[in-house]
Amino acid sequence: MKNPKNWLRPDGKWNRDRLSSVIVDALIVIAAIVLFFSYGTRLHRDEVDPAAHEAAAGREADYGDVRLFDNLRIGKVDISGLTVNEAREKVQDYVDGILNMPFELIVSGQHSVPATLRELSAYWANPQVLEETAALRDKKDPIEAYKLEKDIETAGMDLTLEIDCDKEFLMNYLRENCTAWDVPMTAPEMVTENGKMKIIPGTPGQELNISEASAAIENVAFAQLERNDTLFILPVMEMYPPSIPDGYEGMEGIEELVEEAAREQAEAEAAAQEQEQQTEGEAEPEP
């Protein structure tokens, strides 16, 4: 402790001014220490208790009971004035009705495979658009929010109803159920008959275009079923063989052999067609 004489006046009495200054300084230091520990404790509690923040954020983002604008639609579903929860249920019921509707996949123009979009893994992909629309009021001041609501009531607002599929599942489904009628392409052959070389032409092939078929189902099948159009034609790929057998491209006289093979093939096809017409004519009953 410092010399007590420093706190006395020359007349031997206590120096009140000096004592007051020291006391004030001590109180300021004590208050600063209390504030420091109080703020530090609260900051630490916030850091170690994220659940409280998540719960608060969840309450702020809960738009289930918020009523949507009038004159509002998502796809073909009118959700004017409904709460978010009511609108979600109404749209899901509508989507389920389309996803469960039976339709036919038409393969190679003549073969039919029954299916539903539910079986093809389709689902409603953007239900969050309802919450996003309900939240529009939160992003504007009261005057702008009122103006937005009146604009929507007057002009209407259409939200996109997005339908998606599990692409890998869909492609596997098509591969397993719709490729039985694929026809492989055959290549031309060079043969020798009676000591003379000739070409046996190859035959065209056809197979399901799985990537295009899955994209078409994902993009337009839902809208097609909304129109009650229940026949969905799957795209196929046509594959044509080369006219010259592999390895004979530069052979002398190959062009003449190609022309001869094409001529014989055309004659054979014409004869087959004529025979088919005769058969059909004989099968017709007499009047």
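Residues numbered from 1 in each chain as written. Predicted model: local features only at pLDDT ≥ 70, side-chain atom pairs only at ≥ 80, totals over all residues. Heavy atoms only, no water.

Colleague: Just to check I follow, could you spell out the sheet that holds strand E11 (residues 231-233) for this structure?
Modeller: Adjacent strands of a sheet form backbone hydrogen bonds with each other and so pair up, either parallel or antiparallel. Spatially, the three strands line up as an open sheet ordered E4-E3-E11, and their pairing is mixed. Strands with a single pairing partner mark the edges of an open sheet, and in this sheet they are strand E4 (111-115) and E11. Sheet twist, expressed as the average angle between the axes of neighbouring strands with direction ignored, equals 30 degrees. Packing against the sheet, helix H7 (residues 210-226) makes contact with strand E3 (103-107) and E11, and its axis sits at approximately 155 degrees to E11. (Pairing = 2+ DSSP bridges. Helix = DSSP H or I, 4+ residues; strand = E, 2+ residues; numbered from the N terminus. Axes fitted to C-alpha atoms, helices over the stretch in contact; angles between N-to-C directions. Contact = heavy atoms within 4.5 Å.)

Colleague: Can you help me understand the nonpolar core in this one?
Modeller: When a protein is soluble and globular, its nonpolar side chains tend to lie buried together. Ile74, Ile79, Leu105, Leu117, Leu174, Ile217 and Leu234 are the most contacted members of the largest nonpolar core, which has 43 residues in total. Counting only elements with at least two residues in this core, the list comes to strand E1 (72-74), helix H3 (84-99), E3, E4, helix H4 (128-134), helix H6 (167-177) and H7. (Core = buried A, V, L, I, M, F, W, Y, C linked by side-chain atoms within 4.5 Å. Buried < 20%, exposed > 50% of the residue type's maximum accessible area, 1.4 Å probe, protein only.)

Colleague: Explain the pairing of E3 here, please?
Modeller: Burial analysis of E3 places four of its five residues in the buried class, the great majority of the element. Examined bridge by bridge, E3 and E4 share five bridges and lie antiparallel to one another. Of the residues in E4, the one forming a bridge with Glu104 is Pro114. Hairpin connection, E3 to E4: the antiparallel pair is bridged by three residues, and Ser108 has positive phi, about 55 degrees. Bridging between E3 and E11 involves three bridges; their strand directions are parallel.

Colleague: Please explain a negative patch on the surface as it appears in this structure.
Modeller: Together, Glu252, Glu255, Glu256 and Glu259 give the surface a local cluster of negative charge. On the secondary structure map, Glu259 appears in helix H8 (residues 254-283). (Patch = residues over 30% accessible without salt bridge, like charges linked within 9 Å, V, L, I, M, F, W, Y side chains within 5 Å. Areas by Shrake-Rupley, 256 points an atom, 1.4 Å probe, with all protein chains shown as cover. Salt bridge = Lys/Arg side-chain N within 4 Å of Asp/Glu carboxyl O. Lys, Arg positive; Asp, Glu negative; His and termini not counted. Charge placed at Lys NZ, Arg CZ, Asp CG, Glu CD.)

Colleague: Explanation requested: the pattern of salt bridges in the structure shown.
Modeller: Where charged atoms from two side chains of opposite charge come close, those side chains can pair. Summed over the entire model, instances satisfying the criterion amount to eleven salt bridges. Put simply, Glu153 and Lys150 hold a salt bridge, and the shortest N to O gap is 3.4 Å. Taken together, the residues span about one helical turn, with Glu153 and Lys150 both in helix H5 (residues 142-155) at a distance of three residues. The exposure class assigned to Glu153 is partly exposed, which follows from its relative accessible area of 26%.

Colleague: Explain the sheet that holds strand E6 (residues 157-159) here, please?
Modeller: Spatial strand order, E2-E1-E6: three strands in an open sheet with mixed pairing. Two strands close off the open sheet at either side, each with one partner strand: strand E2 (77-78) and E6. With three bridges joining them, E1 and E6 adopt parallel strand pairing. Directly across from Ile74, in E6, lies its bridge partner Leu159.

Colleague: Before we go on, may I ask you to explain H3 in this structure?
Modeller: An α-helical turn contains 3.6 residues, so any two residues separated by three or four positions project in the same direction. End to end, H3 covers 22 Å across 16 residues, agreeing with the expected 22 Å (1.5 Å per residue, within 8%). All buried positions along H3 are accounted for by Val84, Ala87, Val91, Val95, Ile98 and Leu99. Along the axis of H3, the buried positions cluster into a sector of 100 degrees, meaning they face one direction only. Along its buried surface, H3 packs onto E1, E2, strand E5 (123-124), H4, strand E7 (163-164) and H7. (Expected span 1.5 Å × (residues − 1). Arc of directions from axis to C-beta.)

Colleague: In this structure, what is going on with the packing of H3 against H7? I would like to understand it.
Modeller: The angle between the axes and the distance between the axes are what describe a pair of packed helices. Contact geometry of H3 with H7 gives a least axis separation of 9 Å together with a crossing angle of 95 degrees. The orientation of H3 with respect to H7, classified from their angle, is roughly perpendicular. Between H3 and H7, the contacting residues are Tyr94, Val95, Ile98 and Leu99 on the first element and Phe222, Leu225 and Glu226 on the second. For the contact of H3 with H7, a count of residues per class yields six nonpolar, no polar and one charged. (Parallel < 35°, antiparallel > 145°, perpendicular 65-115°, else oblique. Nonpolar A, V, L, I, M, F, W, Y, C, P; charged D, E, K, R; others polar.)

Colleague: Just to check I follow, could you spell out H6 for this structure?
Modeller: Buried residues of H6: Leu170, Tyr173 and Leu174, and no others. Buried residues along H6 cover an arc of 95 degrees about the axis, so they all sit on one side. Every exposed residue of H6 that faces more than 90 degrees away from the buried side is listed here: Glu168 and Glu176. Packed against the buried residues of H6 are E3, E4, strand E10 (205-208) and H7. Its side-chain oxygen at 3.3 Å from the backbone nitrogen of Glu168, Asp166 defines the N-terminal cap of H6. (Polar contact = N/O pair within 3.5 Å; in protein donor to acceptor, adjacent residues only side chain to side chain.)

Functional significance is not addressed by these values, which are geometric in nature.
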